[in-house]
Amino acid sequence: MRSVTGKPSKFDAFVDKLKKESPIHIAKRMDAPKWFPIVIRIAAVVAAFLICAVVTAFFEPNAFGTFFVEMFRGTFGTERRVINLFWETAILLLIALAVTPAFKMKFWNIGAEGQVLIGALMSATCIYYLGGKMSEGGLIVLCLLASVVGSAIWTLIPALFKAKWNTNETLFTLMLNYIATALISLVITVWVKSGSGVVGIMEHGHLPLLGDQPYVLNILIVALITVLVWVYLRFSKHGYELSVVGESINTAKYIGISVPKVIIRTMILSGALCGIAGWLLVNGASYTINTSLAGGRGFTAILVSWLAHFDPLVMVITAFLVAFMGRGAAQVSTIANIGGSFADIVTAVFFFVVIASEFFVNYKVKISFAHLKKDKGEEKSSESLDKQASSAENDEAEAAPDSDSSEAPDDVVASEDKEVTE
Amino acid sequence: MFWTFLTSTIKFSTLFLYGSVGETITEKSGHLNLGIPGIMCMGAIGGCYGVRSYIDSLGSLSQMSGFAVVLVGMICAFLFAALGGLIFSFFTVTLRCNQNITGLTITTFGVALNSLMLSKLDTRGFYEAGTLFAKGIVDANTTDGLVKVLFSHSALVYIAIAIAIITAIVIKRTRVGLNLRAVGENPATADAAGISVGRYRYFATLIGSGIAGLGGLFFIMDYLTGSVEYGIDTYGWLAVALVIFTVWKPNWAILGSILFAALYNASIYLNLSFTEREIIKMLPYIVTVLVLIITSIFGRKSVQPPAALGTSYFREER
């Protein structure tokens, strides 16, 4: 058997690696105090704001100062804007809650956009065909049921294939987004014969207004769901099982958890929550249906959930921040006359900075040039000696892949053989 | 009619071909880059600004040389799109972030940047540049039949097919390709065998993104002959779908992209109702899902996604 790279032996490769070793060392942060991640994250958010302001100034030189003022004016300026901000937070939060159980299970469901759209479509269908023919209360409940069931079934499709044949769920759910979008366009062409593609405001099935304000009931519903999901993930047996599956499928199998069952159950829950989101969007917010109803929130929610480390209560904060950035930046772009898509750019830059900050929460970076000096051995600080020792250990661990791997060890060995003989 | 349909289909397919070949190279290294639509947009931005500065450097539009404008456009598109790939690799390899999260953010960023930057761009002379981009070996209007289908295309079309074939050979037949596949299938093993996982992933993503970026350039300058009004993002997702549809084989992507483009074009050429058009638009995604399902059920190893697709590799965390 020849080695894959054609190098004479692993030992030589190891020596080469030592020679080429970079002066930057990255190690997992083990001993950080509790306040440390919080400080880093707050710093990241502040930095993100500053960077976004600089980006704004790049497009519109006079807008640097305006940025901060308009960010707040766009979000807290009027009572209406405050409610809009909280509604945006709520809907993002709900979709983020929907994807969270799946993500904890390491099931990369990026189909929330489509799942929400299917929920919305089911609700709109009920309103379109039954609106006015039954009581309003009954219609709203029927819409809710249809949304939840429709969305759950839609989500069940990739889950079944993942559970049975291990079909790649990321790609599958991604494709389903566009099928769902096309499905809505399709239904709209059936409903609107003129081909304009606009359904218009539907008269029936509106959720009641609380205190004459829109969205208040929606926000309360989402608050309730947040608590329920938190309890489910934190205290229920189901929540425990899905996090075991996420950590290690082999462990889950070993302690007698049926992995396919957990995958299917969790995805049904995920779909049902997306269905509720679609229902709220149709019955409680826009009263119509179109392909941009979810408006990319299905994707943004993934970021919201991930940034919160899949903790429903932290998600309230991250969802709020993201909604704040989006709404505020939209206002900035209107005032500074930059252009509609500018809000997305600011949001993306914000995400970049915050995502990058996670690295500094989890890892520490040390820069040492000691091992690059010519006379090795004597000039080395004890620190870099330790490092070499640890990298030597790493290499040994690589030579014997079944020593302490948390993944399936058999898998590694088998595919190693495959790679070499290929 | 038929020949015209076939010709325009092949032309349109080039957009998907660039995107999917670029994404295939990236995915072979184990990087699931969901930022491809954004990166294609970034390629379009780079290409357009490159063409802009080239036009500005000339005294008058009549001095514009077809070779130079295509070359400048391609280089700028490649570099700017590769910058998107660099951001992706920096986040996923160096900063060890989640690939899905990073990719989606890049898509948001690139698509928004595209519509903003291009709306601010001065497009005088773009139509003339676009005609130079779209110039075929033979004139499409005066020829017909097989000659038209095969020889009436512009340089970017043939370059796309050449890139697809070269990529297929490199991945299948060379040591670099073998190492790349090893990194995508089992990074831990590749690392143990002395292959630098990070370096392969960086370079695969950079090159792949650059190639995908050429698709953005093609769409604006060639397909739309210099009109900057339409977004690329929906086509970008079709390019991602095409990677799955062609089971990670760039040479098959040539035929696959023609099929996808034919489906898209059919709704224009056949006299269909609105509803039928929507069904046809849905078809590429549905067949992609079917391919994904079928390969996972009856999957031989050669038609599976790279085993480590979407997972980051850190030596310490095995």
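Above this text is the structure in question.
What this report covers is the structure whose coordinates are included nearby. (Residues numbered from 1 in each chain as written. Chains lettered and ligands numbered in written order. Predicted model: local features only at pLDDT ≥ 70, side-chain atom pairs only at ≥ 80, totals over all residues.)

### Some words on the interface of chain B and chain A
And step 1. Chain B puts 54 residues into the contact, and the matching count from chain A is 54 residues.
And step 2. Those elements that provide at least two residues to the side of chain B that touches chain A are helix 4 (99-120), helix 8 (175-185), helix 9 (187-192), helix 11 (233-245) and helix 13 (274-297) of chain B.
And step 3. Here the side of chain B that touches chain A takes 14 residues from helix 13 of chain B, the largest share from any one element.
And step 4. Here the side of chain B that touches chain A is composed, by residue class, of 31 nonpolar, 15 polar and 8 charged. (Contact = placed C-beta atoms within 7 Å. Helix = DSSP H or I, 4+ residues; strand = E, 2+ residues; numbered from the N terminus. Nonpolar A, V, L, I, M, F, W, Y, C, P; charged D, E, K, R; others polar.)

### A word on the packing of helix 2 (residues 35-59) of chain A against helix 3 (residues 63-76) of chain A
Residue and element names in this part refer to chain A.
And step 1. One way to put it is that helix 2 packs onto helix 3 with a least axis distance of 8 Å and a crossing angle of 130°. Classified by the angle between their axes, helix 2 and helix 3 sit oblique to one another. Seen along the crossing, helix 2 lies across helix 3 with a hand that is right-handed. Listed contacts from helix 3 to Ala53, Thr56 and Ala57 of helix 2 are Ala63, Phe64, Phe67 and Phe68.
And step 2. Residues of the contact of helix 2 with helix 3, tallied by class, amount to 6 nonpolar, 1 polar and no charged. (Axes fitted to C-alpha atoms, helices over the stretch in contact; angles between N-to-C directions. Parallel < 35°, antiparallel > 145°, perpendicular 65-115°, else oblique. Left-handed = near helix turned anticlockwise from the far one by under 90°.)

### Things to note about unusual backbone geometry
And step 1. At Phe310 of chain A, a residue that is not glycine, the phi angle is positive and equals roughly 60°.
And step 2. Examined against the element boundaries, Phe310 of chain A turns out to sit in the loop between helix 12 (297-307) and helix 13 (312-335).
And step 3. A residue is classified by how many C-beta atoms lie within 10 Å of it, and Phe310 of chain A, with 21 of them, is buried.
And step 4. The backbone of Trp248 of chain B sits at a positive phi, close to 60°, despite the residue not being glycine.
And step 5. The residue Trp248 of chain B is located in the loop between helix 11 and helix 12 (250-269) in this model. (Buried ≥ 20, exposed ≤ 12 C-beta atoms within 10 Å, placed from the backbone.)

### Focus on helix 1 (residues 2-28) of chain B
All names here are of chain B.
And step 1. With 27 residues, helix 1 should cover 39 Å at 1.5 Å per step; its first-to-last C-alpha distance of 37 Å lies within 8% of that length.
And step 2. Counted residue by residue, helix 1 has 21 buried out of 27 residues, so it is predominantly covered.
And step 3. The first or second residue beyond helix 1 is Gly30, which carries a positive phi of 95°. (Expected span 1.5 Å × (residues − 1).)

### Some details on the environment of Leu121 of chain A
Residues and elements named next belong to chain A.
And step 1. Looking at the element boundaries, Leu121 is found in helix 5 (residues 112-130).
And step 2. C-beta crowding within 10 Å serves as the criterion here: with 26 such atoms nearby, Leu121 is assigned to the buried category.
And step 3. Residues Leu121 and Gly150 lie 29 residues apart in sequence; the distance between their C-alpha atoms is 8.8 Å.
And step 4. Excluding residues within four positions of it along the chain, Leu121 makes contact with Leu183, Ile184, Val187 and Ile289.

### Describing the pairing of strand 2 (residues 363-367) of chain A
All names here are of chain A.
And step 1. When you tally the buried positions in strand 2, you get 0 out of 5 residues, a small fraction of the element.
And step 2. When strand 1 (residues 24-28) meets strand 2, the two strands line up antiparallel, connected through 5 bridges. Across the sheet, Ile24 pairs through a bridge with Ile367, a residue of strand 2. (Pairing = 2+ DSSP bridges.)

Spatial relationships are all this shows, so hold off on functional conclusions.
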